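A closer look at the structure
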Amino acid sequence: MSYIEIRNIFKIFGPDPNAALELAKAGSDKEEILAKTGNTVGLHDVSLSVEQGETFVVMGLSGSGKSTLIRHLNRLIDPTAGQVSFGGEDILSMDIPTLNAFRRKRLGMVFQRFGLLPHRNVMDNVAYGLEIQGTDRKTREAAASKWIDRVGLAGYEAKFPDQLSGGMQQRVGLARALATDPEVLLMDEAFSALDPLIRSDMQDELMKLQAELHKTIVFITHDLDEALKIGDRIAILKDGKLIQVGRPEEIVLNPADAYVQAFTRDVNRGKVLRARSIMEPIKPASGTDGFSTAHVVRYDTRLEDILPVALGSDTAITVTGHDNHPIGTIGKKQILDALSVHSND
Ligand SMILES: Nc1ncnc2c1ncn2[C@@H]1O[C@H](COP(=O)(O)OP(=O)(O)OP(=O)(O)O)[C@@H](O)[C@H]1O
Ligand SMILES: [Mg+2]
């Protein structure tokens, strides 16, 4: 079983959610339900599984239901219908003390507006979660120092939030979320308020940390490039409905509909596509015979790094797998296919 399980969630906002729920279950869409009942569909029959240790990105346009979805994970809101569980545990049936302990111990949250306490310095902000867990000062400051250092803010312990740039404040936000060693990090548009270069630095920082920490991260963004860069898998929402879930390459190569295709059209394919998704697979029986070893790339090489090799080669490039055995080839046809925009419809 996956770590986080979301099953058939409907969330209706408004005066008569149950009347709207019946219509939604019968197939009416958001617009129709609003017109008929005055209720707003936040989520429409969404089911998702998030694996332990993966960075799971939820993306969609404004109003598509991203924040509504993440608020179900910390139970800031309850669904009109459906189930949410963590590690097999139903979080909707938790009583208040159990829920509070669950939030404090197992979840870390990073917000778009940083959410730092203005009258506490960096050290006390990062140590805050441990403080409310009742950890003694020495222990929590040792843990906080470690995380302040890890996010590159050593020396800033005594500064206050308003003395820091936006990027630095969000590093504090990240250190604070990590300081309690949560299983799950929930990040709602965490980098969206940052300037592009700082934002890109923060994405790199998060990916570096994640390569070591293997947290389960649910990351919300309306930016496809960000989603493709950091996501192991991406879920795309539209009008409260789940349109597609897949690895970045799957989203780009096989957009589920015109909405997803519109998002992916301007994507830099060189950065997203990898050798394994564009190669012509080798049939296992054919072994290594007959393949040139002059030009070899690993299965996870990005298209942008394959192109120079392909341009300098008259023969097909060999793609190798985990154990360095050939698993496929990339010739001119595969390169051209990867660079051209397909659609399913
Ligand atoms: N508390 C609420 N009361 C009424 N309607 C709500 C409430 N919260 C969300 N909605 C509605 O639910 C839908 C989904 O909203 P949500 O905030 O989840 O979208 P979002 O994808 O996070 O958008 P954004 O990118 O703007 O943050 C929208 O139509 C919104 O108006
Ligand atoms: Mg939102």
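Keep in mind that what you see is a predicted model, and the values were worked out from it rather than measured.

Okay, the pattern of salt bridges next. Tallied over the entire structure, the rule returns 20 salt bridges. With a closest N to O distance of 3.0 Å, Glu226 and Arg199 form a salt bridge. Taken as a pair, Glu226 in helix H10 (residues 224–230) and Arg199 in helix H9 (residues 196–213) lie far apart in primary sequence, 27 residues in all. Assessed through its relative accessible area of 13%, Arg199 is described here as buried. For Arg247, the salt bridge goes to Glu249, with nearest N and O atoms at 2.7 Å. The exposure class of Glu249 is buried, given its relative accessible area of 4%. When salt bridges with common partners are traced through the structure, they connect Arg247, Glu249, Glu250 and Arg276 into a single cluster.

Looking at ligand 1, there are 13 residues lining it, with Lys30, Ser62, Gly63, Lys66 and Thr68 nearest. Ser62 is positioned such that a nitrogen or oxygen atom in its side chain is 2.6 Å from an oxygen atom of ligand 1. Those elements that place two or more of their residues in the shell around ligand 1 are strand S2 (40–50) and helix H3 (66–73). For the shell around ligand 1, the element with the highest residue contribution is H3, accounting for 3 residues. Of the residues assigned to the shell around ligand 1, the class counts are 2 nonpolar, 8 polar and 3 charged.

The next thing to look at is the UniProt feature "domain: ABC transporter" (unreviewed entry) in the protein. On the UniProt side, "domain: ABC transporter" (unreviewed entry) is annotated at positions that read residues 4–264 here. Split by type, residues 4–264 is 43% helix and 24% strand. Its first and last C-alpha atoms lie 27 Å apart.

Direction of pairing for strand S1 (residues 4–13) relative to strand S4 (residues 81–86): antiparallel, over a ladder of 5 bridges. For Phe10, the partnering residue across the bridge sits in S4 and is Ala81. Taken together, the 2 bridges between S4 and strand S5 (residues 89–90) define a ladder with antiparallel strand orientation. Bridge pairing in S5 links Phe86 to Glu89.

The next thing to look at is the environment of Tyr156. With respect to the helices and strands, the residue Tyr156 is situated in the loop between helix H7 (137–150) and helix H8 (166–179). Exposure remark for Tyr156: the relative accessible area of 32% places this residue in the partly exposed category. Separated by 44 residues in sequence, Tyr156 and Ser200 have C-alpha atoms that sit 22 Å apart. Setting aside anything within four residues of it in sequence, one finds Tyr156 in contact with Val122, Leu164 and Met168.

What follows deals with the sheet that holds strand S13 (residues 317–320). Sheet architecture is open: 4 strands sit in the order S11-S14-S13-S12, paired in mixed fashion. A strand with exactly one partner marks an edge of an open sheet, and here the two such strands are strand S11 (280–281) and strand S12 (296–298). Where S11 meets strand S14 (residues 326–330), 2 bridges bridge the pair, whose relative direction is antiparallel. Note on S14: the bridge partner recorded for Pro281 is Gly328.

Scoring rules and cut-offs
- Residues numbered from 1 in each chain as written.
- Chains lettered and ligands numbered in written order.
- Predicted model: local features only at pLDDT ≥ 70, side-chain atom pairs only at ≥ 80, totals over all residues.
- Heavy atoms only, no water.
- Salt bridge = Lys/Arg side-chain N within 4 Å of Asp/Glu carboxyl O.
- Helix = DSSP H or I, 4+ residues; strand = E, 2+ residues; numbered from the N terminus.
- Buried < 20%, exposed > 50% of the residue type's maximum accessible area, 1.4 Å probe, protein only.
- Near = heavy atom within 4 Å.
- Polar contact = N/O pair within 3.5 Å; in protein donor to acceptor, adjacent residues only side chain to side chain.
- Nonpolar A, V, L, I, M, F, W, Y, C, P; charged D, E, K, R; others polar.
- UniProt positions renumbered as here; feature names shortened; annotations may be inferred.
- Pairing = 2+ DSSP bridges.
- Contact = heavy atoms within 4.5 Å.

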